[in-house]
Amino acid sequence: MKRNPFLFLPLLLMFVLPAPAQQPELQWLTIFAEHVQISDQAAFEDNSRNFLSLLSDAGVSDVSWVTVQSQTFGYAYVIPGGPGDLADLNATWGAALATIGDRGADAMAKGDKLVASRDMYYIALRPELSYLPETVQITADQPFRYYTQLFVHPHRVAEFEATLPEWKAAYADAGAVHGWRVYQYMTGTDLPAYLVVAAANNEAEYHARQAELDASMGDRIAELRAKTGPTLRSVENSTGWVRADLSYRGGN
């Protein structure tokens, strides 16, 4: 995460969705993503590590993010907070860039040449729709991520959300100890949409675990899919990895 990403946010904020009615305060996340051609990824990552070293060596402690890499999302930088935190994010980022000076500017310019495109959007955790969300922390403890993007028919959002507690109950009855988090896309170009995130140590472990769960739940899985499926316009699955080496934790 290098150049100032906040220049186009006033336009973006016009499309922020309202929080779901009668829900507790949501945990918002700001996502900045950079898409890099495969042939440029090695150079991009080397440059990113250099940029992180500049921040760390300068003792910058007011900015932090977790980087997740995937084919779908690119290099996604996850930052706690939402639209209400924009002013603080902008101020702390500007202060960090001022601290590292010209060497930081040079690294940013080099990185810019390696980036094919950028995205920025807000998502919000929906803990009441998630199963054991505390087991899917945004950390590298279990670095593998399995993503399921669910694109919902606008007139069937309430029906879609009503099916998720049934999924939770099925997982609980099966004794599942690995959870999943449901995030709602609060901005974007193809809404309404939700993101289901599961974590594991690696891809093989995830698929083995799911196969065992599917077998133990039997026909119940088919019944749940039959309920949720009609509420969806499309489903997209992808994988990713939490990249601790490309994340920044306030210089620690």
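The notes below deal with the structure included here. (Residues numbered from 1 in each chain as written. Predicted model: local features only at pLDDT ≥ 70, side-chain atom pairs only at ≥ 80, totals over all residues. Heavy atoms only, no water.)

### Comments concerning the overall build of the protein
Piece 1. Broken down by element type, the protein carries six helices and eight strands.
Piece 2. In sequence order, the protein lays out its α and β elements as α-β-α-β-β-α-β-β-α-β-β-α-α-β.
Piece 3. Each of the 252 residues in the protein was classed as buried or not, and the buried ones make up 48%.
Piece 4. At a minimum sequence separation of 6, the contacts of the protein that also span at least 24 residues come to 86%. (Helix = DSSP H or I, 4+ residues; strand = E, 2+ residues; numbered from the N terminus. Buried < 20%, exposed > 50% of the residue type's maximum accessible area, 1.4 Å probe, protein only. Contact = heavy atoms within 4.5 Å.)

### Topic: helix 5 (residues 203-217)
Piece 1. A rise of 1.5 Å per residue sets the reference length of helix 5, with its 15 residues, at 21 Å; its end C-alpha atoms lie 21 Å apart and thus fit the reference within 8%.
Piece 2. Within helix 5, the full set of buried residues consists of Y206, R209, Q210, L213 and M217. Seen from one end, helix 5 has its buried residues packed into an arc of 100°, which puts them on one side. Turned more than 90 degrees off the buried face of helix 5, the exposed positions are A204, E212 and A215.
Piece 3. Contact partners of the buried residues in helix 5: strand 5 (144-152), helix 4 (157-173), strand 7 (193-200) and helix 6 (219-228).
Piece 4. For helix 5, the side-chain oxygen to backbone nitrogen distance between the N-cap and A204 is 3.3 Å, and the N-cap itself is N202.
Piece 5. Looking one or two residues past helix 5, G218 carries a phi angle of roughly 55°, positive in sign. (Expected span 1.5 Å × (residues − 1). Arc of directions from axis to C-beta. Polar contact = N/O pair within 3.5 Å; in protein donor to acceptor, adjacent residues only side chain to side chain.)

### Describing the pattern of salt bridges
Piece 1. Overall, the coordinates contain 13 salt bridges when judged by the stated rule.
Piece 2. The salt bridge partner of D245 is R49, with a shortest N-O separation of 2.9 Å. Of the two residues, D245 is situated in strand 8 (residues 232-249) and R49 in helix 2 (residues 41-57); the sequence distance between them amounts to 196 residues.
Piece 3. A salt bridge links K227 to E166; its shortest N-O distance comes to 2.8 Å. Remark: E166 occurs in helix 4 and K227 occurs in helix 6; sequence separation between them is 61 residues.
Piece 4. Overlapping salt bridges, with partners in common, bring together E45, D46, R49, R243 and D245 in one network. (Salt bridge = Lys/Arg side-chain N within 4 Å of Asp/Glu carboxyl O.)

### What to know about helix 4
Within an α-helix, residues lying three or four positions from one another point in the same direction, as the helix has 3.6 residues per turn.
Piece 1. The terminal C-alpha atoms of helix 4 lie 25 Å apart, and with 17 residues this matches the ideal 24 Å at 1.5 Å per residue to within 8%.
Piece 2. Regarding helix 4, the residues found buried are F160, E161, T163, L164, W167, A170 and Y171. When helix 4 is viewed along its axis, its buried side chains cluster within an angular range of 155° and face the same direction. Along helix 4, exposed side chains directed more than 90 degrees from the buried face belong to A158 and D173.
Piece 3. Buried residues along helix 4 sit against strand 5, strand 6 (181-185), strand 7, helix 5, helix 6 and strand 8.
Piece 4. A positive phi of about 75° marks G175, the residue just after helix 4.

### Examining the nonpolar core
Piece 1. F51, L55 and W65 are the most contacted members of the largest nonpolar core, which has 30 residues in total.
Piece 2. Mapped by element, the contributors of at least two residues to this core are strand 1 (27-35), helix 2, strand 3 (74-80), helix 3 (86-114), strand 4 (117-125) and strand 8.
Piece 3. If one sorts the elements of this core by residue count, helix 3 sits on top with eight residues.
Piece 4. In terms of nonpolar packing, the next biggest core, distinct from the first, is built from 21 residues, I31, V68, A76 and Y147 among them. (Core = buried A, V, L, I, M, F, W, Y, C linked by side-chain atoms within 4.5 Å.)

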